[in-house]
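Residue-level structural notes
Chain by chain, the residues:
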Amino acid sequence: MDFLDAIANSKHEMHSIMILRHGKVIAEGWWHPYRPDLKHTLYSLSKSFTSTAVGFAVSEKKLSVNDKVISFFPDKLPAQVSDNLSQLTIRDLLSMSAGQAPDPSFQVAGSGDWIKTFFATPVLNKPGSVFLYNSAATYMLSAIVQKVTGQKIIEYLTPRLFQPLGIQGMDWETDPNGFNVGGWGLRVKTEDIARFAQLYLQKGKWNGKQILPAEWVEEATTFKIDNAPGMEQIRKDSSDWRQGYCYQFWRSRYNSFRGDGAFGQYALVLPEEDAVIAITSETIDMQGELNLVWQYLLPAMQVDKSTLNKNDAAVLKKRSAMLKLPVPAKADTNFHEPVLGSKQFKLESNSKNIETISFNEKNRVIALTIKTKDNTHSINFGGARWIEGETKMHGPSLVEGAKNHFIGLPASKIAGAYRWKGPDILEVKLRYIDSPHTLTMTFHFEKDKITADMLDSFRAADKKITLRGELVK
(Lines give C-alpha, C1' and ligand atoms only; values in the text may rest on other atoms or scores of the structure.)
Protein backbone atom coordinates (compact mmCIF):
# COMPACT_ATOMS: atom_id res chain seq x y z
CA MET A 1 0.00 0.00 0.00
CA ASP A 2 2.96 2.32 0.62
CA PHE A 3 4.17 1.46 -2.88
CA LEU A 4 0.75 2.35 -4.35
CA ASP A 5 0.84 5.67 -2.47
CA ALA A 6 4.31 6.38 -3.84
CA ILE A 7 3.21 5.55 -7.41
CA ALA A 8 0.14 7.78 -7.06
CA ASN A 9 2.37 10.68 -6.02
CA SER A 10 4.95 10.07 -8.77
CA LYS A 11 5.22 10.87 -12.48
CA HIS A 12 5.09 7.15 -13.34
CA GLU A 13 1.91 5.88 -14.99
CA MET A 14 1.31 2.32 -13.83
CA HIS A 15 -0.85 -0.02 -15.87
CA SER A 16 -0.53 -3.23 -13.87
CA ILE A 17 1.46 -5.02 -11.19
CA MET A 18 1.55 -8.61 -10.00
CA ILE A 19 3.72 -9.77 -7.08
CA LEU A 20 4.42 -13.43 -6.34
CA ARG A 21 6.09 -14.75 -3.20
CA HIS A 22 6.89 -18.42 -2.63
CA GLY A 23 4.97 -19.19 -5.82
CA LYS A 24 1.76 -17.46 -4.67
CA VAL A 25 0.16 -14.27 -5.96
CA ILE A 26 0.20 -11.94 -2.96
CA ALA A 27 -0.87 -8.73 -4.72
CA GLU A 28 -2.17 -7.73 -8.12
CA GLY A 29 -3.81 -4.71 -9.65
CA TRP A 30 -4.70 -3.06 -12.96
CA TRP A 31 -5.25 0.66 -13.37
CA HIS A 32 -8.56 1.06 -15.25
CA PRO A 33 -9.03 1.10 -18.24
CA TYR A 34 -6.20 -1.47 -18.32
CA ARG A 35 -7.50 -4.96 -17.46
CA PRO A 36 -6.20 -8.44 -16.56
CA ASP A 37 -7.45 -9.95 -19.83
CA LEU A 38 -5.59 -7.49 -22.06
CA LYS A 39 -2.25 -8.14 -23.67
CA HIS A 40 0.37 -5.41 -23.29
CA THR A 41 3.22 -4.45 -25.61
CA LEU A 42 6.46 -5.69 -24.03
CA TYR A 43 9.02 -3.80 -26.12
CA SER A 44 12.44 -5.21 -25.17
CA LEU A 45 11.08 -7.57 -22.54
CA SER A 46 10.43 -9.61 -25.71
CA LYS A 47 14.20 -10.21 -25.86
CA SER A 48 14.12 -12.51 -22.83
CA PHE A 49 11.55 -14.72 -24.60
CA THR A 50 13.82 -14.81 -27.68
CA SER A 51 16.70 -15.87 -25.46
CA THR A 52 14.46 -18.64 -24.12
CA ALA A 53 13.81 -19.87 -27.66
CA VAL A 54 17.59 -20.09 -28.16
CA GLY A 55 17.81 -22.06 -24.91
CA PHE A 56 15.31 -24.63 -26.14
CA ALA A 57 17.14 -24.91 -29.48
CA VAL A 58 20.44 -25.43 -27.65
CA SER A 59 18.88 -28.11 -25.43
CA GLU A 60 17.56 -29.89 -28.54
CA LYS A 61 21.03 -29.68 -30.11
CA LYS A 62 19.75 -27.66 -33.06
CA LEU A 63 22.48 -25.09 -32.47
CA SER A 64 25.27 -24.06 -30.09
CA VAL A 65 26.06 -20.64 -28.63
CA ASN A 66 29.50 -21.03 -30.23
CA ASP A 67 28.10 -21.35 -33.76
CA LYS A 68 29.22 -18.67 -36.19
CA VAL A 69 26.36 -16.37 -37.24
CA ILE A 70 27.45 -16.22 -40.91
CA SER A 71 27.03 -20.01 -41.21
CA PHE A 72 23.24 -19.76 -41.13
CA PHE A 73 22.71 -17.31 -43.97
CA PRO A 74 25.50 -17.71 -46.56
CA ASP A 75 23.30 -16.16 -49.27
CA LYS A 76 22.86 -12.91 -47.27
CA LEU A 77 26.55 -12.09 -46.73
CA PRO A 78 28.40 -9.11 -48.22
CA ALA A 79 30.93 -9.72 -51.00
CA GLN A 80 33.73 -9.22 -48.48
CA VAL A 81 33.28 -10.82 -45.06
CA SER A 82 35.52 -9.08 -42.51
CA ASP A 83 37.51 -11.04 -39.95
CA ASN A 84 35.35 -9.67 -37.15
CA LEU A 85 32.11 -10.62 -38.89
CA SER A 86 33.42 -14.11 -39.58
CA GLN A 87 34.10 -14.56 -35.84
CA LEU A 88 30.66 -13.37 -34.65
CA THR A 89 28.88 -16.09 -32.64
CA ILE A 90 25.41 -16.67 -31.23
CA ARG A 91 26.90 -16.05 -27.78
CA ASP A 92 27.96 -12.55 -28.90
CA LEU A 93 24.43 -11.80 -30.10
CA LEU A 94 23.00 -13.05 -26.80
CA SER A 95 25.30 -10.84 -24.70
CA MET A 96 24.87 -7.69 -26.83
CA SER A 97 28.52 -7.72 -27.84
CA ALA A 98 28.14 -8.11 -31.61
CA GLY A 99 30.87 -5.52 -32.21
CA GLN A 100 28.79 -3.27 -34.44
CA ALA A 101 28.83 0.48 -33.83
CA PRO A 102 26.68 2.50 -33.78
CA ASP A 103 23.60 0.38 -33.06
CA PRO A 104 22.16 -0.52 -36.50
CA SER A 105 18.69 -1.52 -35.26
CA PHE A 106 16.68 1.31 -36.80
CA GLN A 107 18.55 1.03 -40.10
CA VAL A 108 17.98 -2.74 -40.15
CA ALA A 109 14.29 -2.45 -39.23
CA GLY A 110 13.69 0.18 -41.91
CA SER A 111 15.07 -2.01 -44.68
CA GLY A 112 13.38 -4.62 -46.87
CA ASP A 113 15.85 -7.37 -45.96
CA TRP A 114 16.81 -7.21 -42.29
CA ILE A 115 19.31 -10.08 -42.37
CA LYS A 116 21.20 -8.68 -45.34
CA THR A 117 21.28 -5.19 -43.79
CA PHE A 118 22.55 -6.62 -40.49
CA PHE A 119 25.43 -8.36 -42.24
CA ALA A 120 26.21 -5.20 -44.24
CA THR A 121 26.78 -3.26 -41.00
CA PRO A 122 30.52 -3.02 -40.20
CA VAL A 123 31.69 -5.02 -37.18
CA LEU A 124 34.19 -2.48 -35.85
CA ASN A 125 35.02 -4.18 -32.55
CA LYS A 126 36.09 -7.74 -31.87
CA PRO A 127 32.88 -9.70 -31.13
CA GLY A 128 32.46 -10.39 -27.43
CA SER A 129 34.65 -7.47 -26.34
CA VAL A 130 32.35 -4.43 -26.17
CA PHE A 131 28.75 -4.14 -24.94
CA LEU A 132 26.36 -2.21 -27.19
CA TYR A 133 22.60 -2.62 -26.87
CA ASN A 134 21.49 -3.85 -30.26
CA SER A 135 17.93 -4.99 -31.00
CA ALA A 136 18.98 -6.13 -34.46
CA ALA A 137 21.24 -8.68 -32.76
CA THR A 138 18.18 -10.12 -31.01
CA TYR A 139 16.35 -10.20 -34.34
CA MET A 140 19.18 -12.31 -35.72
CA LEU A 141 18.69 -14.79 -32.86
CA SER A 142 15.03 -15.09 -33.87
CA ALA A 143 15.98 -15.58 -37.53
CA ILE A 144 18.56 -18.24 -36.65
CA VAL A 145 16.11 -20.22 -34.49
CA GLN A 146 13.57 -20.08 -37.32
CA LYS A 147 16.22 -21.21 -39.81
CA VAL A 148 17.13 -24.32 -37.79
CA THR A 149 13.59 -25.22 -36.65
CA GLY A 150 11.48 -24.18 -39.62
CA GLN A 151 9.14 -22.28 -37.29
CA LYS A 152 8.71 -18.68 -36.21
CA ILE A 153 9.85 -18.43 -32.61
CA ILE A 154 6.28 -17.76 -31.43
CA GLU A 155 5.31 -21.11 -33.00
CA TYR A 156 8.43 -22.86 -31.71
CA LEU A 157 7.83 -21.57 -28.17
CA THR A 158 4.13 -22.49 -28.10
CA PRO A 159 4.40 -26.21 -27.14
CA ARG A 160 7.65 -25.70 -25.20
CA LEU A 161 6.90 -22.54 -23.17
CA PHE A 162 3.52 -20.94 -23.75
CA GLN A 163 1.29 -24.03 -23.46
CA PRO A 164 3.03 -25.52 -20.38
CA LEU A 165 2.74 -22.13 -18.62
CA GLY A 166 -0.89 -21.64 -19.68
CA ILE A 167 -0.12 -18.60 -21.83
CA GLN A 168 -2.66 -18.01 -24.62
CA GLY A 169 -3.55 -15.33 -27.15
CA MET A 170 0.00 -13.95 -27.54
CA ASP A 171 1.11 -12.32 -30.77
CA TRP A 172 4.47 -11.15 -32.10
CA GLU A 173 5.34 -8.76 -34.90
CA THR A 174 7.23 -10.02 -37.95
CA ASP A 175 9.67 -8.50 -40.43
CA PRO A 176 8.81 -8.32 -44.17
CA ASN A 177 10.20 -11.84 -44.69
CA GLY A 178 8.17 -13.58 -42.00
CA PHE A 179 10.62 -13.73 -39.08
CA ASN A 180 9.41 -12.62 -35.63
CA VAL A 181 11.33 -9.42 -34.88
CA GLY A 182 12.73 -10.89 -31.65
CA GLY A 183 13.96 -7.69 -30.04
CA TRP A 184 10.48 -6.26 -29.50
CA GLY A 185 6.91 -6.82 -30.67
CA LEU A 186 5.65 -9.58 -28.34
CA ARG A 187 2.35 -8.96 -26.55
CA VAL A 188 1.19 -11.05 -23.59
CA LYS A 189 -0.85 -10.42 -20.44
CA THR A 190 0.58 -9.29 -17.09
CA GLU A 191 -0.05 -12.71 -15.58
CA ASP A 192 1.90 -14.25 -18.47
CA ILE A 193 4.89 -12.03 -17.63
CA ALA A 194 4.64 -13.20 -14.03
CA ARG A 195 4.47 -16.86 -15.08
CA PHE A 196 7.55 -16.40 -17.27
CA ALA A 197 9.46 -14.78 -14.40
CA GLN A 198 8.33 -17.53 -12.00
CA LEU A 199 9.63 -20.18 -14.41
CA TYR A 200 13.07 -18.57 -14.27
CA LEU A 201 12.87 -18.25 -10.48
CA GLN A 202 12.15 -22.00 -10.38
CA LYS A 203 15.17 -22.66 -12.60
CA GLY A 204 13.09 -23.87 -15.52
CA LYS A 205 10.75 -26.14 -13.59
CA TRP A 206 6.96 -25.86 -13.87
CA ASN A 207 4.39 -27.96 -12.03
CA GLY A 208 7.14 -30.37 -11.06
CA LYS A 209 8.38 -30.82 -14.64
CA GLN A 210 11.70 -29.47 -15.97
CA ILE A 211 10.58 -27.71 -19.16
CA LEU A 212 13.70 -25.54 -19.62
CA PRO A 213 17.10 -26.93 -18.55
CA ALA A 214 18.29 -25.50 -15.23
CA GLU A 215 21.77 -25.14 -16.76
CA TRP A 216 20.37 -22.81 -19.41
CA VAL A 217 18.52 -20.70 -16.84
CA GLU A 218 21.76 -20.29 -14.91
CA GLU A 219 23.73 -19.52 -18.08
CA ALA A 220 21.17 -17.03 -19.38
CA THR A 221 20.73 -15.00 -16.17
CA THR A 222 24.28 -14.65 -14.84
CA PHE A 223 26.81 -11.90 -15.57
CA LYS A 224 28.31 -12.17 -19.06
CA ILE A 225 29.68 -8.72 -19.90
CA ASP A 226 30.40 -5.44 -18.12
CA ASN A 227 28.16 -2.83 -19.73
CA ALA A 228 29.82 0.08 -17.90
CA PRO A 229 33.59 -0.56 -17.94
CA GLY A 230 35.57 2.17 -16.26
CA MET A 231 32.59 3.66 -14.44
CA GLU A 232 33.10 4.52 -10.77
CA GLN A 233 31.69 1.83 -8.50
CA ILE A 234 29.59 4.34 -6.58
CA ARG A 235 27.76 5.24 -9.81
CA LYS A 236 27.34 1.61 -10.76
CA ASP A 237 25.88 0.85 -7.34
CA SER A 238 23.02 3.32 -7.85
CA SER A 239 21.96 1.96 -11.26
CA ASP A 240 20.09 -1.16 -12.30
CA TRP A 241 21.45 -0.68 -15.81
CA ARG A 242 25.11 -0.94 -14.76
CA GLN A 243 25.11 -4.35 -13.05
CA GLY A 244 26.11 -6.29 -16.15
CA TYR A 245 24.29 -7.99 -19.00
CA CYS A 246 23.44 -11.67 -19.42
CA TYR A 247 21.77 -13.47 -22.35
CA GLN A 248 19.01 -10.95 -23.14
CA PHE A 249 18.43 -10.45 -19.41
CA TRP A 250 19.84 -7.70 -17.21
CA ARG A 251 21.48 -8.15 -13.84
CA SER A 252 19.86 -5.87 -11.25
CA ARG A 253 20.76 -4.66 -7.80
CA TYR A 254 20.10 -6.82 -4.73
CA ASN A 255 21.30 -9.93 -6.58
CA SER A 256 18.26 -9.91 -8.84
CA PHE A 257 17.83 -10.15 -12.60
CA ARG A 258 15.16 -9.06 -15.01
CA GLY A 259 13.79 -8.85 -18.48
CA ASP A 260 12.72 -5.31 -19.23
CA GLY A 261 11.20 -3.22 -21.97
CA ALA A 262 11.00 0.47 -22.80
CA PHE A 263 8.75 2.68 -20.65
CA GLY A 264 8.66 0.19 -17.76
CA GLN A 265 7.68 -3.36 -18.72
CA TYR A 266 9.34 -5.67 -16.20
CA ALA A 267 9.78 -9.34 -15.34
CA LEU A 268 11.80 -8.89 -12.16
CA VAL A 269 13.18 -11.99 -10.40
CA LEU A 270 14.45 -11.80 -6.80
CA PRO A 271 15.92 -15.23 -5.94
CA GLU A 272 16.96 -14.30 -2.39
CA GLU A 273 13.37 -13.34 -1.57
CA ASP A 274 11.77 -16.17 -3.60
CA ALA A 275 9.73 -13.47 -5.34
CA VAL A 276 8.88 -12.12 -8.76
CA ILE A 277 7.34 -8.80 -9.73
CA ALA A 278 5.62 -8.19 -13.08
CA ILE A 279 4.93 -4.59 -14.07
CA THR A 280 3.49 -2.85 -17.11
CA SER A 281 3.56 0.92 -17.26
CA GLU A 282 4.54 4.06 -19.13
CA THR A 283 7.40 6.03 -17.60
CA ILE A 284 10.30 7.95 -19.05
CA ASP A 285 12.26 7.33 -15.82
CA MET A 286 12.58 3.56 -15.59
CA GLN A 287 15.25 3.77 -12.91
CA GLY A 288 12.97 5.95 -10.80
CA GLU A 289 10.23 3.37 -11.08
CA LEU A 290 12.55 0.53 -10.03
CA ASN A 291 13.81 2.68 -7.16
CA LEU A 292 10.27 2.62 -5.72
CA VAL A 293 10.30 -1.19 -5.87
CA TRP A 294 13.56 -1.23 -3.90
CA GLN A 295 12.36 1.46 -1.50
CA TYR A 296 8.96 -0.03 -0.62
CA LEU A 297 8.49 -3.61 -1.80
CA LEU A 298 11.88 -5.17 -1.07
CA PRO A 299 12.07 -4.08 2.63
CA ALA A 300 8.48 -5.28 3.15
CA MET A 301 9.60 -8.80 2.22
CA GLN A 302 11.96 -8.74 5.18
CA VAL A 303 9.64 -7.59 8.01
CA ASP A 304 8.80 -9.52 11.14
CA LYS A 305 5.56 -11.31 10.27
CA SER A 306 4.29 -10.97 13.84
CA THR A 307 3.97 -7.22 13.31
CA LEU A 308 1.58 -7.57 10.39
CA ASN A 309 -2.04 -6.44 10.58
CA LYS A 310 -4.28 -9.25 9.35
CA ASN A 311 -6.86 -6.74 8.12
CA ASP A 312 -4.38 -5.20 5.68
CA ALA A 313 -4.89 -7.94 3.09
CA ALA A 314 -8.59 -7.13 2.79
CA VAL A 315 -7.86 -3.41 2.63
CA LEU A 316 -5.28 -3.96 -0.10
CA LYS A 317 -7.61 -6.19 -2.11
CA LYS A 318 -10.34 -3.56 -2.01
CA ARG A 319 -7.93 -0.79 -2.93
CA SER A 320 -6.39 -2.81 -5.77
CA ALA A 321 -9.84 -3.32 -7.28
CA MET A 322 -10.35 0.46 -7.39
CA LEU A 323 -7.12 1.44 -9.14
CA LYS A 324 -7.71 3.73 -12.12
CA LEU A 325 -6.05 6.28 -14.33
CA PRO A 326 -7.55 9.79 -14.38
CA VAL A 327 -10.23 10.57 -16.93
CA PRO A 328 -9.89 13.90 -18.75
CA ALA A 329 -12.11 16.29 -16.80
CA LYS A 330 -13.53 19.62 -17.94
CA ALA A 331 -11.04 22.45 -17.46
CA ASP A 332 -11.53 24.42 -14.26
CA THR A 333 -12.80 27.55 -15.94
CA ASN A 334 -16.26 29.04 -16.14
CA PHE A 335 -17.70 28.36 -19.60
CA HIS A 336 -20.56 26.43 -21.15
CA GLU A 337 -19.55 23.39 -23.12
CA PRO A 338 -20.41 24.04 -26.76
CA VAL A 339 -22.69 21.80 -28.79
CA LEU A 340 -20.46 20.33 -31.46
CA GLY A 341 -23.13 18.60 -33.53
CA SER A 342 -21.96 17.16 -36.84
CA LYS A 343 -19.02 18.73 -38.65
CA GLN A 344 -16.49 17.63 -41.25
CA PHE A 345 -13.17 19.32 -41.98
CA LYS A 346 -10.99 18.86 -45.04
CA LEU A 347 -7.31 19.00 -44.06
CA GLU A 348 -4.32 20.42 -45.81
CA SER A 349 -1.68 17.92 -46.97
CA ASN A 350 0.03 16.47 -43.88
CA SER A 351 2.56 13.88 -42.69
CA LYS A 352 -0.20 11.70 -41.23
CA ASN A 353 -1.88 11.45 -44.66
CA ILE A 354 -5.22 12.38 -43.06
CA GLU A 355 -7.67 13.82 -45.60
CA THR A 356 -10.71 14.62 -43.45
CA ILE A 357 -11.69 14.69 -39.78
CA SER A 358 -15.38 14.47 -38.85
CA PHE A 359 -17.18 14.96 -35.55
CA ASN A 360 -20.63 13.70 -34.54
CA GLU A 361 -21.71 14.48 -30.99
CA LYS A 362 -24.70 12.83 -29.31
CA ASN A 363 -25.53 12.26 -25.63
CA ARG A 364 -22.07 13.26 -24.37
CA VAL A 365 -20.37 10.93 -26.85
CA ILE A 366 -18.24 12.27 -29.67
CA ALA A 367 -17.76 9.98 -32.64
CA LEU A 368 -14.52 10.99 -34.34
CA THR A 369 -13.95 9.77 -37.89
CA ILE A 370 -10.47 10.04 -39.40
CA LYS A 371 -10.21 9.37 -43.15
CA THR A 372 -6.91 8.71 -44.87
CA LYS A 373 -6.30 7.84 -48.50
CA ASP A 374 -6.56 4.13 -47.73
CA ASN A 375 -8.68 3.79 -44.59
CA THR A 376 -11.48 5.28 -42.52
CA HIS A 377 -11.31 4.98 -38.71
CA SER A 378 -14.26 5.80 -36.44
CA ILE A 379 -13.65 6.06 -32.70
CA ASN A 380 -15.99 7.02 -29.84
CA PHE A 381 -14.94 9.28 -26.96
CA GLY A 382 -16.93 9.72 -23.75
CA GLY A 383 -17.36 12.96 -21.87
CA ALA A 384 -15.38 12.48 -18.64
CA ARG A 385 -15.58 8.70 -19.07
CA TRP A 386 -13.76 6.06 -21.07
CA ILE A 387 -15.51 4.37 -23.95
CA GLU A 388 -13.75 1.17 -24.90
CA GLY A 389 -13.47 -0.26 -28.38
CA GLU A 390 -10.92 -1.28 -30.96
CA THR A 391 -9.31 0.24 -34.03
CA LYS A 392 -7.01 -0.64 -36.90
CA MET A 393 -5.51 2.87 -36.71
CA HIS A 394 -1.95 2.38 -35.51
CA GLY A 395 -1.15 4.00 -32.20
CA PRO A 396 2.02 5.64 -30.88
CA SER A 397 5.05 3.37 -30.96
CA LEU A 398 8.79 3.63 -30.49
CA VAL A 399 9.28 1.28 -33.45
CA GLU A 400 6.69 2.66 -35.87
CA GLY A 401 9.45 3.08 -38.48
CA ALA A 402 9.98 -0.68 -38.71
CA LYS A 403 8.92 -2.24 -42.00
CA ASN A 404 5.84 -4.45 -41.57
CA HIS A 405 5.06 -2.80 -38.21
CA PHE A 406 1.80 -4.26 -36.86
CA ILE A 407 0.84 -5.79 -40.22
CA GLY A 408 -1.23 -8.93 -39.72
CA LEU A 409 -1.93 -8.31 -36.03
CA PRO A 410 -5.45 -7.91 -34.64
CA ALA A 411 -7.06 -4.51 -34.10
CA SER A 412 -5.77 -2.51 -31.14
CA LYS A 413 -7.85 -2.30 -27.96
CA ILE A 414 -8.58 1.32 -27.07
CA ALA A 415 -10.34 3.59 -24.58
CA GLY A 416 -11.36 7.14 -25.52
CA ALA A 417 -12.45 10.15 -23.47
CA TYR A 418 -12.79 13.88 -24.16
CA ARG A 419 -12.99 17.19 -22.37
CA TRP A 420 -13.47 20.81 -23.37
CA LYS A 421 -10.51 22.93 -22.29
CA GLY A 422 -12.30 26.11 -23.37
CA PRO A 423 -15.32 27.12 -25.46
CA ASP A 424 -13.41 26.36 -28.68
CA ILE A 425 -10.74 23.87 -27.55
CA LEU A 426 -11.57 20.16 -27.51
CA GLU A 427 -9.09 17.60 -26.15
CA VAL A 428 -9.54 13.89 -26.83
CA LYS A 429 -7.41 11.16 -25.29
CA LEU A 430 -7.07 7.85 -27.08
CA ARG A 431 -5.51 5.20 -24.85
CA TYR A 432 -4.15 2.16 -26.62
CA ILE A 433 -4.78 -0.17 -23.70
CA ASP A 434 -2.79 -3.07 -25.15
CA SER A 435 0.26 -0.81 -25.29
CA PRO A 436 1.94 1.65 -22.92
CA HIS A 437 0.89 4.69 -24.94
CA THR A 438 -1.80 7.33 -25.40
CA LEU A 439 -2.49 9.69 -28.30
CA THR A 440 -3.77 13.14 -27.33
CA MET A 441 -5.49 15.22 -29.99
CA THR A 442 -6.31 18.86 -29.26
CA PHE A 443 -8.68 20.59 -31.67
CA HIS A 444 -8.87 24.37 -31.89
CA PHE A 445 -12.02 25.62 -33.63
CA GLU A 446 -12.02 29.13 -35.11
CA LYS A 447 -15.06 29.97 -37.25
CA ASP A 448 -14.76 27.65 -40.28
CA LYS A 449 -11.17 26.59 -39.59
CA ILE A 450 -9.65 23.86 -37.43
CA THR A 451 -6.18 23.27 -36.05
CA ALA A 452 -5.41 19.81 -34.70
CA ASP A 453 -2.37 19.09 -32.51
CA MET A 454 -1.49 15.38 -32.24
CA LEU A 455 0.96 14.29 -29.54
CA ASP A 456 2.18 10.84 -28.54
CA SER A 457 2.36 10.39 -24.77
CA PHE A 458 6.10 9.62 -24.71
CA ARG A 459 7.14 12.63 -26.77
CA ALA A 460 7.97 16.16 -25.64
CA ALA A 461 5.34 18.83 -26.33
CA ASP A 462 7.47 20.38 -29.08
CA LYS A 463 7.24 17.09 -31.01
CA LYS A 464 3.51 17.46 -31.65
CA ILE A 465 2.22 17.25 -35.21
CA THR A 466 -0.09 20.10 -36.21
CA LEU A 467 -2.76 19.67 -38.88
CA ARG A 468 -4.91 22.42 -40.40
CA GLY A 469 -8.18 22.36 -42.29
CA GLU A 470 -11.44 24.01 -43.25
CA LEU A 471 -15.09 23.18 -42.65
CA VAL A 472 -16.83 21.29 -45.42
CA LYS A 473 -20.16 23.06 -45.99
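For the structure given in this document, a descriptive report is provided here.

Rules of the game
Residues numbered from 1 in each chain as written. Predicted model: local features only at pLDDT ≥ 70, side-chain atom pairs only at ≥ 80, totals over all residues. Heavy atoms only, no water. Pairing = 2+ DSSP bridges. Helix = DSSP H or I, 4+ residues; strand = E, 2+ residues; numbered from the N terminus. Axes fitted to C-alpha atoms, helices over the stretch in contact; angles between N-to-C directions. Contact = heavy atoms within 4.5 Å. Expected span 1.5 Å × (residues − 1). Buried < 20%, exposed > 50% of the residue type's maximum accessible area, 1.4 Å probe, protein only. Parallel < 35°, antiparallel > 145°, perpendicular 65-115°, else oblique. Nonpolar A, V, L, I, M, F, W, Y, C, P; charged D, E, K, R; others polar. Phe/Tyr/Trp six-rings, centres within 6.5 Å; stacked < 30°, edge-to-face > 60°. Lys NZ or Arg CZ within 6 Å of the ring centre and 35° of its normal. Polar contact = N/O pair within 3.5 Å; in protein donor to acceptor, adjacent residues only side chain to side chain. 1 Å grid on protein atoms, 1.4 Å probe; cavity = no way out; pocket = protein on both sides within 12 Å on 5 of 7 lines; lining within 4 Å. Points joined across faces, edges and corners; volume = space filled by probe spheres on them. Core = buried A, V, L, I, M, F, W, Y, C linked by side-chain atoms within 4.5 Å. Salt bridge = Lys/Arg side-chain N within 4 Å of Asp/Glu carboxyl O.

1. Some words on the sheet that holds strand β2 (residues 24-30)
Spatially, six strands are ordered β2-β1-β11-β10-β9-β8 in an open sheet, and the strand pairing comes out antiparallel. Only two strands of the sheet have a single neighbouring strand rather than two, namely β2 and β8 (250-252). In this sheet, adjacent strand axes meet at a mean angle of 20 degrees when their direction is disregarded. Note that strand β1 (residues 13-21) and β2 share six bridges and pair antiparallel. The partner of Leu20 across the bridge, within β2, is Val25. Relative to strand β10 (residues 265-270), helix α12 (residues 286-300) is tilted by about 35 degrees, and along the sheet it contacts β1, β8, β9 (256-261), β10 and β11 (275-282).

2. Overview of helix α7 (residues 135-149)
In an α-helix there are 3.6 residues to a turn, and that puts residues three or four apart on one side. The terminal C-alpha atoms of α7, which comprises 15 residues, lie 21 Å apart, in line with the 21 Å expected from a rise of 1.5 Å per residue. Among the 15 residues that make up α7, 12 are buried, leaving the element largely enclosed by the rest of the structure. Buried residues of α7: Ser135, Ala136, Ala137, Thr138, Tyr139, Met140, Leu141, Ser142, Ala143, Ile144, Val145 and Gln146, and no others. Packed against the buried residues of α7 are α2 (46-59), α4 (90-94), α5 (105-109), α6 (114-120) and α8 (153-165).

3. A word on the packing of α2 against α8
Geometrically, a packed helix pair is captured by the angle between its two axes and the distance between the axes. At a minimum axis distance of 10 Å, the contact between α2 and α8 shows a crossing angle of 75 degrees. As summarised for this structure, α2 and α8 are arranged roughly perpendicular, according to the angle between their axes. Along the contact surface, α2 presents Phe49, Thr50, Thr52, Ala53, Phe56 and Ala57, while α8 presents Ile153, Tyr156, Leu157, Arg160, Leu161 and Phe162. Per-class residue counts for the contact of α2 with α8 are nine nonpolar, two polar and one charged.

4. Examining the packing of aromatic side chains
Counting across every chain of the model gives 24 aromatic pairs. Ring geometry for Tyr133 against Tyr245: centres 6.4 Å apart, planes inclined by 90 degrees, an arrangement best described as edge-to-face. Here Tyr133 is found in the loop between α6 and α7, whereas its partner Tyr245 is found in the loop between α11 (233-236) and β8, with 112 residues between them in sequence. Residue Tyr245 is classed as buried on the basis of its relative accessible area of 1%. Each residue in the set Phe49, Phe162, Phe196, Tyr200, Phe249 and Phe257 is aromatic and connected to the rest through ring pairs, giving one cluster. The ring of Trp241 carries the charged tip of Arg258 above its face, separated from the ring centre by 4.3 Å.

5. Concerning the side chain of Ser16
With respect to the helices, strands and loops of the structure, Ser16 is situated in strand β1. One polar contact links Ser16 to Thr190, side chain to side chain, over a distance of 2.7 Å. Engagement of the side chain of Ser16 in a polar contact is seen with the side chain of Thr280, the distance being 2.5 Å. Here Ser16 is in contact with Gly29, Trp30, Trp31, Thr190, Ala278, Ile279 and Thr280, once residues within four sequence places are set aside.

6. With respect to empty space enclosed by the protein
Tallied over the entire structure, the rule returns two cavities of 30 Å³ or more. Considering only enclosed or pocket space, the largest cavity measures out at about 150 Å³ in volume. Taken together, 18 residues form the lining of the largest cavity, with Pro396, Ser397, His405, Phe406 and Ser435 sitting closest to its centre. Residue composition of the lining of the largest cavity, by class: seven nonpolar, nine polar and two charged. Put simply, the second largest cavity is a space of about 40 Å³.

7. Re the nonpolar core
Soluble globular proteins tend to pack their nonpolar side chains together in the buried interior. Membership of the largest hydrophobic core comes to 79 residues, with the highest contact counts inside it found for Phe49, Leu93, Phe119, Met140, Leu161 and Trp216. The element that contributes the greatest number of residues to this core is α7, accounting for eight residues. For Trp216, the contacting residues outside a window of four places in its chain are Ser51, Thr52, Val54, Gly55, Val58, Val65, Leu94, Tyr200 and Tyr247. Counting 37 residues, the second largest nonpolar core, distinct from the first, contains Ala6, Tyr34, Leu290 and Leu325.

8. A few points about the pattern of salt bridges
Within this structure, the stated rule accounts for 27 salt bridges. As a salt-bridge pair, Asp113 and Lys76 come within 2.8 Å of each other at their nearest N and O atoms. Of this pair, Asp113 sits in the loop between α5 and α6 while Lys76 sits in the loop between α2 and α3 (83-87), and the two are 37 residues apart along the sequence. Lys236 is paired through a salt bridge with Asp226; the nearest N and O atoms lie 3.0 Å apart. Of this pair, Lys236 sits in helix α11 while Asp226 sits in the loop between α10 (214-221) and α11, and the two are 10 residues apart along the sequence. Look at the salt bridges and you will find they share partners, linking Lys39, Asp171, Arg187 and Asp434 into a network.

9. Here's the deal with α2
For α2, with 14 residues, the first-to-last C-alpha span of 20 Å sits near the 20 Å given by 1.5 Å per residue. Along α2, 12 of the 14 residues are buried, which leaves the element largely enclosed by surrounding structure. Inspection of α2 places Ser46, Lys47, Ser48, Phe49, Thr50, Ser51, Thr52, Ala53, Val54, Gly55, Phe56 and Ala57 among the buried residues, and these make up the whole buried set. Just downstream of α2 lies Lys61, where phi reads positive at about 60 degrees.

10. Focus: the pairing of strand β12 (residues 342-347)
When β12 meets strand β13 (residues 354-362), the two strands line up antiparallel, connected through five bridges. Bridge pairing links Phe345 to Ile357 in β13. Linkage of β12 to β13, two consecutive antiparallel strands, is achieved through a turn of six residues, within which Asn353 is found at a positive phi near 60 degrees. Alignment of β12 against strand β21 (residues 465-471), held across three bridges, turns out to be antiparallel. Note on β21: the bridge partner recorded for Phe345 is Leu471.

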